[in-house]
Amino acid sequence: MRILKNSKLLFIVLALILVLSACSSSNNSSSNSNTNSGDENASSGEGEKVTIVYARGKDATGATDAMIEEFEKQNPNIDVEFREMPTDTGAQHDAYVTMLNAESSEIDVFDIDVIWPAEFAQAGYVLPLDRFIQKDSINMDDYNQGPVSAATFNGKQWAMPKFIDAGMLFYRTDLVSEAPKTWDDLMTQASELKGQEGTKFGYLMQAKQYEGLVTNAVEFVASYGGAFIDENGEVVINSPEAIKGLSKLVEIANSDFVPGNINTFTEVESHTAFIEGQSPFIRNWPYQYALANDEEQSKIVGNVEVAPLPEGDAGSAAALGGWMSAINNFSEHPQEAWELLKFMTGEEGQKIDAIVGSHAPTLPALFDDQEIIDANPFFGEEGFQTALEAAVSRPVAPNYPEISEIIQIHVSKAIAGEETPEEAAAAMEKEMNEKLEK
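This section reports on the structure supplied with the text. (Residues numbered from 1 in each chain as written. Predicted model: local features only at pLDDT ≥ 70, side-chain atom pairs only at ≥ 80, totals over all residues. Heavy atoms only, no water.)

**A look at the sheet that holds strand 8 (residues 281-284)**
Okay, step 1: An order of 8-7-9 is seen for the 3 strands of this open sheet, with the pairing classed as antiparallel. This sheet does not close on itself; its edge strands, each paired only once, are strand 8 and strand 9 (304-307). Averaged over all pairs of adjacent strands, the angle between their axes in this sheet comes to 30°, without regard to strand direction.
Okay, step 2: The sheet contact formed by strand 7 (residues 168-172) and strand 8 spans 4 bridges and is antiparallel. Note that in strand 8 the partner of M168 across the bridge is N284.
Okay, step 3: Across the sheet, helix 10 (residues 267-275) touches strand 7, strand 8 and strand 9, and the angle it forms with strand 8 is around 150°.
Okay, step 4: Across the face of the sheet, helix 15 (residues 382-389) comes into contact with strand 7 and strand 9 while running at roughly 35° to strand 9. (Pairing = 2+ DSSP bridges. Helix = DSSP H or I, 4+ residues; strand = E, 2+ residues; numbered from the N terminus. Axes fitted to C-alpha atoms, helices over the stretch in contact; angles between N-to-C directions. Contact = heavy atoms within 4.5 Å.)

**A word on the layout of surface pockets**
Okay, step 1: Each pocket or cavity is described by its volume, and for the largest pocket that value is around 1400 Å³.
Okay, step 2: Taken together, 48 residues make up the lining of the largest pocket; nearest its centre are F163, D165, G322, W323 and H359.
Okay, step 3: Elements represented by at least two residues in the lining of the largest pocket include exactly strand 1 (50-57), helix 3 (89-101), strand 3 (109-113), strand 6 (160-166), helix 8 (211-223), helix 11 (287-292), strand 10 (318-327) and helix 16 (400-416).
Okay, step 4: Here the element with the most residues in the lining of the largest pocket is helix 16; it accounts for 5 residues.
Okay, step 5: Counted by class, the lining of the largest pocket contains 20 nonpolar, 17 polar and 11 charged residues.
Okay, step 6: What the second largest pocket holds in volume is close to 600 Å³.
Okay, step 7: Lining the second largest pocket are 25 residues; nearest its centre among them are I229, D230, E231, S393 and V396.
Okay, step 8: Those elements that place two or more of their residues in the lining of the second largest pocket are strand 4 (152-153) and helix 8.
Okay, step 9: Of all the elements, helix 8 adds the most residues to the lining of the second largest pocket, at 3 residues.
Okay, step 10: Tallied by class, the residues present in the lining of the second largest pocket amount to 13 nonpolar, 9 polar and 3 charged. (1 Å grid on protein atoms, 1.4 Å probe; cavity = no way out; pocket = protein on both sides within 12 Å on 5 of 7 lines; lining within 4 Å. Points joined across faces, edges and corners; volume = space filled by probe spheres on them. Nonpolar A, V, L, I, M, F, W, Y, C, P; charged D, E, K, R; others polar.)

**A closer look at helix 8**
Okay, step 1: Taking 1.5 Å per residue as the helical rise, helix 8 with its 13 residues ought to reach 18 Å, and the 19 Å between its terminal C-alpha atoms agrees with that figure.
Okay, step 2: Within helix 8, 11 of the 13 residues are buried, which leaves the element mostly enclosed by the surrounding structure.
Okay, step 3: Taken as a whole, helix 8 has its buried residues at G212, L213, V214, T215, N216, A217, V218, E219, F220, V221 and S223.
Okay, step 4: Of the surrounding secondary structure, the elements contacted by the buried residues of helix 8 are helix 7 (183-193), helix 9 (240-253), strand 8, strand 10, strand 11 (391-392) and helix 16.
Okay, step 5: In the stretch just after helix 8, G225 is the one whose phi turns positive, near 90°. (Expected span 1.5 Å × (residues − 1). Buried < 20%, exposed > 50% of the residue type's maximum accessible area, 1.4 Å probe, protein only.)

**Describing helix 10**
Okay, step 1: Residues of helix 10 that are buried: E267, S270, H271, A273, F274 and I275.
Okay, step 2: Those residues of helix 10 that are buried are in contact with strand 7, strand 8, helix 11 and strand 9.
Okay, step 3: Of the residues one or two after helix 10, G277 is the one with positive phi, at around 85°.

What follows is the structure, encoded as structure tokens:
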């Protein structure tokens, strides 16, 4: 009888050991599941509480805090730590490169400029998002296609569009009865209006040798059906269409209705001249509207409207600006990172960002949201929305800074008369191909 009792006791003890061992194994497996394999079993509503880090430049609007607060409310097992990066875009870029080149996992989600995705993808810094997008049945056709294409490289999606900027034409309603339809129309009106109502110029743009010149060049080239680099990564700047666009840019930059020192103008010089009433037209980014209606700074309050940039042979084109969100390829919590990224770039997150941060959504359907329009009446204007629809990305290349520098140098030479548009296009073709072959 004692032997039987001892046997039963031994059996019970062994059973308990097996159960405890199984539980321990299960817990260890669970805690190690959130690696950069993107474990699909990890979700925002299950498992242990996880802290992820979201990085972006300084946000004075409070929109980031509002988005994080709402996300954490809906995802109680995910805490989000916000890390503020340098305000200067170049310094921010370099900080990310230093961090990610060391394969650091200290951040999980971060915002990137629209010109960075190819570079970061090529370097292995960001996680491809296609499997997450497919799993959650996200329709990328719902987004403005400009930023979608800017974040596509080698057939994969590397970032999600967060908010959008695009080049636009702003004009004085007290001087202009109807916005010019084509570049030739603009030239005619700019010539006729120069000098009226105290104006000094007819048109303002950004033509200094810097990134702003690239955006202007992209707009002229694309409006005539050309491109610098096509969707297949081929250099196509030396085409009749692209040369025609470059020629029109050079013609306008050398006209008598732009400032004689237009090659020193960035956004600051051009927007200052515009709000001081010196020109009926300006090409600039959306912030120009609020600035022109700021009673403390502007002399043209209440007399400004917006329209798409003038058309060339192929229609209107606006250089794409704005920011996207991506996942660190070395994140230890890729699924939780995706949940945050999906929220911020989805309807709910973008609505918060539009209302609190005044950022233009990349989801066109949100421009029908009355709460967003009430907070940003400018977003409801047809000219604004039409201009966004014309957005085209700058050349998508893993070494974009080098490509940008080539464009800046040769477009500047063409404006200065040191090269013809044909010579500039040929030189850009040769130098871009050399850089892309490395």
